[in-house]
Amino acid sequence: MDRLHREGPTSLTDLEALAYYKRYHSLAFTRVEGQILAALGLFHKVQEDNNLYSFLMSGFGRTHEQEYGKRLTPIQASVSRSIDSMQYVSISAPTSSGKSYAVREYIARDLQDAVVIVPSRALIAEYMGAFRDRFRSDKNVMICPFVEQIFTVRAPRRIFVLTPERTKDLFRLSRELQSVGTFFLDEAQISEDDTRGVLFDVTVRRIIKHFPRAKLVFAHPFVINPEAQFSKHEIDFERGYAHSYDHGSVGRICVFRHSNGRDYCFSPYLTNGHHLKNCVQFECDFPTFCLSPQHSILVYVSKASIYDGSYLTDFSDHITDLPPIEEPDALRIVSRIVDIIGANENEHRSDMITLLRKGVVIHHGSVPLEVRFLIEDFIRGGHAVMCFATSTLAQGVNMPFDVVWLKNPWLPGREKERALAFKNLIGRAGRLTSGSEFDFGYVYTTNPKLFIDRMNFPLRLDEASIIETGDYSEDSDTGEYLNSIRENTFDEDKNLPMSRVERLSTAIVLESASQILDSVFADARGIRASIGGEDKAEIRHNVCDCYRKIYEAALGRCLVEGEVAVFSQAIQIFLHTIQGRAFKEIVGIRYSHISRRNLGRQGQAEFSQAASQLPNKTLVRRFPLFVEGTPANVVSYDAVLFDTYDYLDQVISFCLSDTFVAAFKIYSERTIDDRADRMIELLKYGTNNAKHILLMRYGFAPDRIEEIAEYVDSITVENIVFRNAISEAPDHVREIIEWYLPE
């Protein structure tokens, strides 16, 4: 206590020691727990009347509350003060230290618009949820997952939550968006990634160029030198604050299964901590201990195991014994997910839904975003007892559990990226609650040596940006993009290198664009009449070929076999979308084909190319979503669902859309053919319905548009007005539109 008081929790070993004290000396620990919480600076958990020490220490918390409206931890208070006083801030702190919370609270207190940039769609979901909860009763703050200027009659303050790929419209609209006062780049260690690091660093450079007065806040977990972000982008150190905080707020007990069949507690911070002489045997079988109703469990598994179902091995008996959920809120969430994905008990059986009904969650990057929102509501509502998750959670998604079970030792990337992802994943063990007690969690592994190596791997950011150091051949796709940034030959309007814009201006591209427009808009009755049905298969095939000619012209090379397979599948799905088919309808069509529904699900599953990002020269061969020989009657509806979402989100939206939008912009400029603008609408929104487009721009999910549209009386860029009948709409519809209704 004396050292904690004088020095604070200076390392993670302090929190580990406290976790052991609490578990194995609980009676003695309880007598000083309030003082320990005060010494740790966890003032929101301190009962001031517990003892004099807690009362005195809580004075710091009361000061923070007067200054910031919240009882902040010392790290949170330090981060808040640095953002108040500096234009550039770069910090690092362990998972669960509350650094992101502190920045979110700064953004919430601020009066200007703000942009939060995160590396994954999962984190978009988390931030959207956190901000919407924060501003649930404030109709003057609009939370947007895309860059839009909408609802101008209310003129709300806007908080955009984006991935680096979605920031392109910020720069196109930079003059209109000078009201943006803060850019918060969470999980900024993505700058070290070979592929997305280029885009991230380019985004930072463009922010500095287009928003020179805005604050930039970089946040990382576990890195030693957060100031490297200043070096990378030539940011004046005198206008910035950088600091690496060492300690978090939650303790952890690490347990491993030895080859002798027993479980042992070990310290990852001790040299050879996994040797039995340095361990303490856990008093019982750890899986039996953690697979109990008192604990929530996160099991880290591979995405492949989720697709083939092997992730349930070792857990099926436990899950079978779980009682079905009965809470009305949980059942309501499950019902909404069922409706979104089109699952049922007959043709479209979903393991994800079956598990949800027992409080078991599947979480990974291919779960549709709206479904992920609902799943995270399910978890936050306390309905989840178990979660199977992939490395998506290692990207900073804040969903803590009592136990993290490392079922899969593999993590993607280089050693530095794997070590960082591993530490982030471990950080999910243990919930920081609001209760007046010290919180700790457990981590379970079968490979303690690898665990220790990764926990002690020093994480240092490169001092120079990949923009300057990236070694890509000039004819590579990334190389062309990078060179255009270095040489200032990037076309901001088309969002492409000028060299690529030139290739999109050639005769073969203009002719292909013309053929596409002639086919898609051939029938005045609509797009489905133009290209839908068996009798229009040849037309669709020709449209796909034309899109491929445009894309290959943009790249300046032919696609390899695997790329062709991905591209063709993506265009087929895109053509379904623009014919007005809902997401669940497209999933159903693909599932029926792959599982040979018309043939009674007999024989082997039909080949279907799995989604993959484009361009990618290494895709020299096509590869199936389901391995050859998979019986048609065991094709997973969930796997088709996840793959379809990856095509829509990863392939079409992130990889292809910019190129085609640019191609039709150029075509429009050359021909003054207004059908090109209609095609651009289809590429951006999947429809030419003006009301539906505006509803999407207002932030409503595409699959909810039909349902919401019937209650809309009028809608423009300036305002949206609902009919009186909205008062009789289903609860979930009224919940969605509540923020848009007048005060």
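Heads up: the structure comes first, above all this text.
All of the points below concern the structure found in this document. Just so you know, these numbers come straight off a predicted model, no measurement behind them.

**Remarks on the overall build of the chain**
No. 1: Across its full length, the chain carries 31 helices and 19 strands.
No. 2: If one aligns the C-alpha atoms of the chain with their principal axes, the spans along those axes are about 80 × 60 × 60 Å.
No. 3: Expressed as a percentage of its 743 residues, the buried residues of the chain come to 57%.
No. 4: In the chain, the share of contacts with a sequence separation of at least 24, taken over all contacts with a separation of at least 6, comes to 69%.
No. 5: Accessible surface, the chain: about 31500 Å² in total, of which carbon and sulfur atoms supply 50%.
No. 6: Each charge sign in the chain was given a centre, from 85 positive and 101 negative side chains, and these centres are 1 Å apart.

**Some thoughts on the side chain of Thr182**
No. 1: Tracing the backbone through its elements, the reader meets Thr182 in strand S5 (residues 180-185).
No. 2: Taking the relative accessible area as the measure of exposure, Thr182 reaches 1% and is therefore buried.
No. 3: Sequence-distant contacts of Thr182, defined by excluding residues within four places in its chain, comprise Tyr106, Ile107, Asp110, Asp113, Ala114, Val115, Lys215 and Val217.

**With respect to the sheet that holds strand S15 (residues 440-445)**
No. 1: Ordered by their spatial adjacency, eight strands build an open sheet running S10-S9-S8-S15-S14-S11-S13-S12, and the pairing between neighbours is mixed. With one partner strand each, in any of the chains shown, strand S10 (280-281) and strand S12 (360-363) form the two edges of the open sheet.
No. 2: For strand S8 (residues 251-257) and S15, the ladder comprises six bridges, and the chain directions are parallel. By the bridge assignment, Phe256 is partnered in S15 with Thr445.
No. 3: In the packing of helix H17 (residues 415-426) onto the sheet, contacts are made with S8, strand S11 (297-300), strand S14 (403-406) and S15, and the angle to S14 comes to roughly 145°.

**Overview of the side chain of Glu192**
No. 1: With respect to the secondary-structure elements, Glu192 resides in the loop between S5 and helix H9 (196-210).
No. 2: Side-chain polar atoms of Glu192 contact the side chain of Ser191, separated by 3.3 Å.
No. 3: Polar side-chain contacts of Glu192 include one of 2.8 Å to the side chain of Lys232.
No. 4: The residues touching Glu192, leaving out its near neighbours within four places in the chain, are Lys232, Arg414, Lys416, Glu417, Arg460, Leu461 and Asp462.

**A look at the environment of Ile208**
No. 1: In this fold, Ile208 is placed in helix H9.
No. 2: For the pair formed by Ile208 and Ile235, sequence separation is 27 residues and the distance between their alpha carbons is 9.1 Å.
No. 3: Setting aside residues no more than four positions away along its own chain, Ile208 makes contact with Leu216, His233 and Ile235.

**Quick notes on the pattern of salt bridges**
No. 1: In total, this model carries 48 salt bridges according to the counting rule given.
No. 2: For Lys303, the salt bridge goes to Asp646, with nearest N and O atoms at 3.5 Å. Here Asp646 lies in helix H27 (residues 637-671) and Lys303 lies in helix H12 (residues 303-308), a separation of 343 residues in the sequence.
No. 3: Between Arg675 and Asp673 there is a salt bridge; the shortest N-O distance is 2.9 Å. In this pair, the class of Arg675 matches that of Asp673, namely buried.
No. 4: Counted as one network, the salt bridges with shared partners bring together Asp339, Glu370, Lys584, Arg704 and Glu707.

**Here's the deal with H9**
Residues spaced three or four apart along an α-helix face the same direction, because each turn holds 3.6 residues.
No. 1: Relative to the 21 Å expected for 15 residues at 1.5 Å per residue, H9 spans 21 Å between its end C-alpha atoms, a close match to the ideal helical length.
No. 2: Every buried residue of H9 is accounted for by Gly197, Val198, Phe200, Asp201, Val202, Thr203, Val204, Arg206, Ile207 and His210.

**Description of the pairing of strand S4 (residues 157-162)**
No. 1: In terms of burial, S4 is largely enclosed, as six of its six residues are buried.
No. 2: As defined by bridge partners, strand S2 (residues 113-117) adjoins S4 across four bridges and the pair is classed as parallel. In the sheet register, Val116 faces S4, and the bridge partner there is Val161.
No. 3: In the sheet, strand S3 (residues 141-144) pairs with S4 via four bridges, with the strands oriented parallel. Across the sheet, residue Met142 finds its bridge partner in S4, namely Arg158.

**Considering helix H6 (residues 99-109)**
No. 1: Burial analysis of H6 places nine of its eleven residues in the buried class, which makes it a mostly covered element.
No. 2: Those residues of H6 that sit buried are Lys99, Ser100, Ala102, Val103, Arg104, Glu105, Tyr106, Ile107 and Ala108.

**Quick word on the packing of helix H4 (residues 52-68) against helix H5 (residues 74-85)**
No. 1: Interhelical geometry of H4 versus H5 gives an angle of 35° and a closest axis separation of 11 Å. As H4 runs across H5, the sense of the crossing is left-handed. Note on element contacts: H5 touches H4 through Ala77, Ser80, Arg81 and Asp84, opposite His64, Glu67 and Tyr68.
No. 2: Taken together, the residues that form the contact of H4 with H5 break down as two nonpolar, two polar and three charged.

**Observations regarding the sheet that holds S3**
No. 1: As summarised here, the arrangement of the seven strands in space is S3-S4-S2-S5-S6-S1-S7, forming an open sheet in which the pairing is parallel. Each edge of the sheet is formed by a strand with only one pairing partner; in this case those strands are S3 and strand S7 (240-244). Neighbouring strand axes in the sheet, compared pairwise and without regard to direction, differ in orientation by 10° on average.
No. 2: Of the strands in this sheet, strand S1 (88-92), S2, S4, S5 and strand S6 (215-220) are in contact with H6, which crosses S5 at around 170°.

**Comments concerning empty space enclosed by the protein**
No. 1: In this structure the tally under the stated criterion is three cavities of 30 Å³ or more.
No. 2: If you add up the space inside the largest cavity, you get close to 150 Å³.
No. 3: Considering the residues around the largest cavity, the lining is formed by 17 residues, among which Leu12, Arg252, Tyr269, Ile426 and Met455 are closest to the centre.
No. 4: Of all the elements in the fold, those that place two or more residues in the lining of the largest cavity are helix H2 (12-24), S8, H17 and helix H18 (448-455).

Each value, and the rule that gives it
- Residues numbered from 1 in each chain as written.
- Predicted model: local features only at pLDDT ≥ 70, side-chain atom pairs only at ≥ 80, totals over all residues.
- Heavy atoms only, no water.
- Helix = DSSP H or I, 4+ residues; strand = E, 2+ residues; numbered from the N terminus.
- Buried < 20%, exposed > 50% of the residue type's maximum accessible area, 1.4 Å probe, protein only.
- Contact = heavy atoms within 4.5 Å.
- Areas by Shrake-Rupley, 256 points an atom, 1.4 Å probe, with all protein chains shown as cover.
- Lys, Arg positive; Asp, Glu negative; His and termini not counted.
- Charge placed at Lys NZ, Arg CZ, Asp CG, Glu CD.
- Pairing = 2+ DSSP bridges.
- Axes fitted to C-alpha atoms, helices over the stretch in contact; angles between N-to-C directions.
- Polar contact = N/O pair within 3.5 Å; in protein donor to acceptor, adjacent residues only side chain to side chain.
- Salt bridge = Lys/Arg side-chain N within 4 Å of Asp/Glu carboxyl O.
- Expected span 1.5 Å × (residues − 1).
- Left-handed = near helix turned anticlockwise from the far one by under 90°.
- Nonpolar A, V, L, I, M, F, W, Y, C, P; charged D, E, K, R; others polar.
- 1 Å grid on protein atoms, 1.4 Å probe; cavity = no way out; pocket = protein on both sides within 12 Å on 5 of 7 lines; lining within 4 Å.
- Points joined across faces, edges and corners; volume = space filled by probe spheres on them.

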